[in-house]
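# Architecture and fold: a report
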Number of protein chains: 2
Amino acid sequence: MLPVAVDAMGGDDAPHAIVEGAVRAHKAGLPVVLVGDAARLEPLLGASGPDVVHASDVVGMAEGAVAGVRRKPDASVRRALQLVRDGAAGAAVSCGHTGATLVGAVLDLGVLPGAERPAICSVLPRSDGGRLVLLDAGANVDCKPELLASFALIGSAHAEAMGVLAPRIGLLSNGEEDGKGNAQVRATLPLLRELPLRVVGPVEPSAAMAGACDVLVCDGFVGNILLKAAEGAVHTVVTLLREEIERRPSGRLGAWLLRGAFERFRRRVAWDAQGGALLLGTRGLVVVGHGRATPDAVHSAIRLAHRGMRAGLLDGVARRLASRA
Amino acid sequence: MLPVAVDAMGGDDAPHAIVEGAVRAHKAGLPVVLVGDAARLEPLLGASGPDVVHASDVVGMAEGAVAGVRRKPDASVRRALQLVRDGAAGAAVSCGHTGATLVGAVLDLGVLPGAERPAICSVLPRSDGGRLVLLDAGANVDCKPELLASFALIGSAHAEAMGVLAPRIGLLSNGEEDGKGNAQVRATLPLLRELPLRVVGPVEPSAAMAGACDVLVCDGFVGNILLKAAEGAVHTVVTLLREEIERRPSGRLGAWLLRGAFERFRRRVAWDAQGGALLLGTRGLVVVGHGRATPDAVHSAIRLAHRGMRAGLLDGVARRLASRA
């Protein structure tokens with residue numbers, strides 16, 4: 001089994017939190033290589049820790065990540081991606097600047113035939129117990145209809161790799177009736193209907209989150225708004241519910257009795273339980289980790305990368321994209 | 001005090017639910033007139049019920065509401081709007097087709113100087129205990145930057161009418177850094193900064209819902225997605241939490257102890273506790289009620305209309321829009 005190449009230098013608490021997360025994954029039997037400044041990383045590792053691949057440079061958050069990544073072929077994020085390109089790793093994980101990872105992935109891996117640009121795929125819990133693949137979750141704004149059509153193919157492969165045999169593809173819109181949607185939605189819908197996919201049509205976010213589709217295709221601007229609105233709403237709900245519960249002693253006793261339910265619930269809805277999101281459309285698997293990467297989140301991101309490798313996700317995406325070319 | 005003109009024929013359970021809601025408002029001392037088919041409405045009313053103004057026509061949900069509204073000057077929704085235009089009512093409420101209400105408002109009331117089109121203003125609970133005015137929540141898609149600038153003025157007046165003295169105006173975006181946002185956001189931001197308003201800049205939905213601004217300006221397509229994503233997330237959270245709570249007897253006991261907290265919480269986050277949203281930008285106050293209008297929601301929508309009248313919201317909006325012309 002190929003290891004996952006982890007950019008040890010990207011993320012808020014890098015390299016410490018990244019190393020700790022990678023060590024946990026390593027101990028749990030998930031092969032990992034850490035990529036970064038060997039002189040800083042090796043003292044953090046025990047004798048039986050994961051291997052280190054040296055990278056002399058780092059892309060800082062402040063320096064303009066995109067320009068930085070172009071100027072620095074030896075940056076840790078790029079070395080991790082190059083290990084994937086060269087067949088030495090099965091996937092790359094970075095918790096650094098998302099834009100830098102994106103640019104690096106396009107530069108060092110290249111895009112797959114049929115994909116003009118890669119997309120970030122977020123997975124959301126649905127109220128029917130299923131899961132919703134949302135793409136693009138923020139890599140591309142002002143998308144052309146052709147690009148959105150390629151996202152439908154990528155998203156279908158992603159849902160198939162999660163075990164959904166004939167994923168239902170929805171196009172994010174503000175209503176399901178004719179005449180709804182903006183110009184982008186109206187221009188994209190006919191293109192989607194020509195694809196060899198199970199397209200259900202325009203879908204509203206609330207319907208998608210209740211189970212109307214398995215894949216929700218959208219512009220990265222709108223997808224990012226959707227995701228952050230859902231996070232904001234959940235945060236508001238949890239905050240206000242806590243306030244009401246703590247208002248009375250009976251509430252505090254009730255909450256104590258419910259602590260197990262709250263904890264199971266928390267694990268189910270935590271949008272970040274996956275530790276990151278897959279970036280799909282390049283010639284290699286990439287996980288964009290959360291910037292606020294705790295060791296647990298890093299461990300989860302590595303697990304997500306390994307799950308994608310085991311499922312043959314890269315081949316699935318390439319095959320889906322080729323079906324259209 | 002002028003009455004609120006209520007379209008009795010629009011909404012899923014019209015006219016029964018509308019009449020019942022209007023009667024509750026009337027009994028609570030909020031002046032109301034019901035507009036619709038007098039022969040159907042009068043048998044539903046007691047001797048001391050609200051007045052009825054006859055309208056011979058109805059805009060059905062199926063017939064293509066926009067075309068229907070143009071063809072039917074005597075439709076109940078248009079008669080209600082005409083009462084506002086003629087000074088016989090202070091505001092109109094309709095729970096019928098939103099598009100029909102919108103077209104009727106532009107036809108019968110006309111837009112205010114400085115407003116090209118009206119916007120739907122939704123009010124969301126924030127996690128800091130404040131409230132967020134979101135506009136446009138769905139009346140206009142593919143908005144030009146100039147139109148978004150007029151929404152900033154309208155939204156500021158709305159927040160002022162809620163008692164916020166110098167509302168902070170945010171422009172909905174997918175990030176706060178330079179270079180984020182789509183073409184629409186980047187073109188709109190300089191226009192907002194020229195307005196006599198307290199503009200805080202681009203704001204992400206999660207930050208807005210945590211209190212970063214009082215007014216969130218956006219395209220109606222994106223605003224509608226935001227709103228329905230928030231609703232979908234809340235529904236998912238509530239559904240999954242209930243499942244976890246009902247899994248064990250201790251959970252059911254805990255939930256019984258928490259029933260008061262859950263109820264207070266429900267009232268705080270119910271997005272539809274207002275029964276509808278204000279449509280602002282025309283020469284008269286209009287409330288777009290929920291299509292699934294229960295008597296409670298209708299009562300709330302009438303209360304919202306009266307609150308707008310008492311606060312002098314129409315004058316406030318007109319003054320804000322004129323400050324720019």
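Counting starts from 1 at the beginning of each chain's written sequence and moves along it residue by residue. Working convention: letters from A go to chains and numbers from 1 go to ligands, in the order in which they are written. Only residues with pLDDT of 70 or above have their local features reported here, since the model is predicted, and side-chain atom pairs are shown and tallied only from 80 upward, although totals for entire chains, interfaces and linings are computed over all residues.

## Notes on the domain arrangement of chain A
Quite often, the size of an interface is put as the accessible area lost when its parts meet. Residues and elements named next belong to chain A. The following threshold applies: An automatic or database domain assignment provides the domain bounds reported here. C-beta atoms are first placed from the backbone for all residues, and any pair lying within 7 Å is then listed as a contact. We count a stretch as a helix when DSSP gives it H or I for four or more residues in a row; a strand needs E for two or more, and each element gets its number in order from the N terminus. Each residue is assigned to one of three groups, with Ala, Val, Leu, Ile, Met, Phe, Trp, Tyr, Cys and Pro labelled nonpolar, Asp, Glu, Lys and Arg labelled charged, and all others, Gly among them, labelled polar.
Split by domain assignment, chain A resolves into domain 1 (1-115 + 281-311) and domain 2 (116-272). Counting residues at the interface gives 13 residues for domain 1 and ten residues for domain 2. Where the side of domain 1 that touches domain 2 is concerned, the elements lending two or more residues are α5 (98-108) and α12 (295-310). No other element matches the three residues that α5 contributes to the side of domain 1 that touches domain 2. Per-class residue counts for the side of domain 1 that touches domain 2 are eight nonpolar, five polar and no charged.

## Looking at the interface of chain A and chain B
Chain A puts 50 residues into the contact, and the matching count from chain B is 50 residues. Of all the elements in the fold, those that place two or more residues in the side of chain A that touches chain B are α8 (205-209), α9 (220-245), α10 (249-257) and α11 (259-269) of chain A. The dominant element in the side of chain A that touches chain B, judged by the number of residues it contributes, is α9 of chain A, at 20 residues.

## A short note on the environment of Ala139 of chain A
Residues and elements named next belong to chain A. Short version of the rule: Put simply, a residue is buried when 20 or more other C-beta atoms lie within 10 Å of its own C-beta and exposed when 12 or fewer do; between those, it is partly exposed, and each C-beta is set from the backbone.
The topology assignment puts Ala139 in the loop between β6 (131-135) and α6 (145-161). On the neighbour-count criterion, Ala139 (27 C-beta atoms within 10 Å) is buried. Discounting chain neighbours no more than four positions away, the residues touching Ala139 are Leu102, Arg117, Pro118, Ala119, Ile120, Gly220 and Leu279.

## Examining α12 of chain A
All names here are of chain A. Definition in use: In this scheme, a helix's expected span is set at 1.5 Å multiplied by one less than its residue total.
With 16 residues, α12 should reach 22 Å at 1.5 Å per residue; the first-to-last C-alpha distance of 23 Å fits that figure. Of all the positions in α12, only Ala297, Val298, His299, Ser300, Ala301, Ile302, Leu304, Ala305, His306 and Gly308 are classed as buried. Residue Gly312 follows α12 closely and has a positive phi angle near 65°.

## Points about the sheet that holds β6 of chain A
Paired through backbone hydrogen bonds, the strands of a sheet run either parallel or antiparallel to each other. Residue and element names in this part refer to chain A. Note the cut-off: Any two strands are treated as partners once DSSP identifies two or more bridges connecting them. Axes here mean lines fitted to C-alpha atoms, for a helix over just the part in contact, with angles spanning 0 to 180 degrees between N-to-C directions.
The strand order β3-β2-β1-β4-β11-β10-β5-β6-β9-β7-β8 describes an open sheet built from eleven strands, whose pairing is mixed. Unpaired on one side and paired on the other, β3 (51-54) and β8 (198-203) mark the two borders of the sheet. With direction set aside, neighbouring strand axes in the sheet form an average angle of 30°. As judged from the four bridges shared by strand β2 (residues 32-36) and β3, these two strands associate in the parallel manner. Bridged to Val35 within β3 is Val53.

## Some thoughts on the environment of His299 of chain A
Residue and element names in this part refer to chain A. With respect to the helices, strands and loops of the structure, His299 is situated in helix α12. A sequence separation of 186 residues divides His299 from Pro113, and the C-alpha atoms of the two residues are 31 Å apart. Those residues within four positions of His299 in sequence are excluded, and the remaining contacts are Gly21, Arg24, Ala25 and Gly275.

## A look at the pairing of strand β1 (residues 4-7) of chain B
Residue and element names in this part refer to chain B. Condition: Looking down the strands as they point away from you, a crossover is right-handed if its path from the first strand over the helix to the second goes clockwise.
In β1, alternate side chains face the same way, and those of Val4 and Val6 on one face and Ala5 and Asp7 on the other are all buried. The parallel pair β1 and strand β2 (residues 32-36), bridged by helix α1 (residues 16-27), forms a crossover whose chirality is right-handed. In this sheet, strand β4 (residues 91-94) lies alongside β1 in parallel orientation, the contact comprising three bridges. Bridging across to β4, Val4 finds its partner in Ala91.

## Focus on the confidence of the model for chain A
Inclusion rule: Each residue carries a pLDDT value, the predictor's own confidence for that position, ranging from 0 to 100.
Averaged over every residue, the pLDDT of chain A is 92; the share at 70 or more is 97%. Across the predicted assembly, pTM comes out at 0.91 and ipTM at 0.88.

## A look at the pairing of strand β11 (residues 285-289) of chain B
Residues and elements named next belong to chain B. Summarising burial for β11: five of the five residues are buried, a large majority. Here β11 shows two buried faces, one formed by Leu285, Val287 and Gly289 and the other by Val286 and Val288. Pairing geometry for β4 and β11, over four bridges, is parallel. Counted as the bridge partner of Ser94 is Val288 from β11. Strand direction decides the pairing type here: strand β10 (residues 276-280) and β11, joined by four bridges, are antiparallel. Across the sheet, residue Gly276 finds its bridge partner in β11, namely Gly289.

## Examining the relation of the copies chain A and chain B
In this arrangement, two copies of a chain are superimposed by a rotation about an axis accompanied by a shift along the axis. Using the following cut-off: Least-squares superposition aligns the copies on the C-alpha atoms of those residues with pLDDT at or above 70 in both.
The operation relating chain A to chain B is a screw motion whose rotation component is 180°, with 0.0 Å of axial translation and a residual RMSD of 0.0 Å. Taken together, the rotation angle and the small translation identify this as a two-fold axis. Minimal C-alpha distance to the rotation axis in chain A is attained by Gly254 of chain A, lying at 2.0 Å. Here 100% of the contact residues of chain A are again contact residues in chain B; the copies associate through an equivalent surface.

## Thoughts on the nonpolar core
Threshold: A set of buried Ala, Val, Leu, Ile, Met, Phe, Trp, Tyr and Cys residues, joined to one another through C-beta atoms within 7 Å, is what we call a nonpolar core.
Counting 228 residues, the largest nonpolar core has Val6 and Val217 of chain A together with Val6 and Val217 of chain B as the members making the most contacts within it. The residues contacting Val217 of chain B, other than those within four sequence positions of it, are Leu135, Leu148, Phe151, Ala152, Gly155, Ile169, Leu171 and Leu172 of chain B.

## A word on the packing of α9 of chain A against helix α9 (residues 220-245) of chain B
Note the threshold: Just so you know how the angles are binned, under 35 degrees is roughly parallel, over 145 roughly antiparallel, 65 to 115 roughly perpendicular, and the rest oblique. Left-handed describes a crossing whose near helix is turned anticlockwise from the far helix through less than a right angle; right-handed describes the clockwise counterpart.
Between α9 of chain A and α9 of chain B, whose axes approach to 8 Å, the crossing angle comes to 45°. Put simply, α9 of chain A runs oblique to α9 of chain B. Crossing geometry of α9 of chain A relative to α9 of chain B is assigned as right-handed. Contacts between α9 of chain A and α9 of chain B involve Val222, Ile225, Leu226, Ala229, Ala230, Gly232, Ala233, Val234 and Val237 of chain A on the former and, on the latter, Val222, Ile225, Leu226, Ala229, Ala230, Gly232, Ala233, Val234 and Val237 of chain B.

## Here's the deal with α5 of chain A
Residue and element names in this part refer to chain A. Summarising burial for α5: nine of the eleven residues are buried, a large majority. Those residues of α5 that sit buried are Thr98, Gly99, Ala100, Thr101, Leu102, Val103, Gly104, Ala105 and Asp108. Those residues of α5 hidden inside the fold are in contact with α3 (65-71), α4 (76-85), β4 (91-94), β10 (276-280) and β11 (285-289). Where α5 ends, the next residue or the one after it, Gly110, has phi of about 80°, a positive value.

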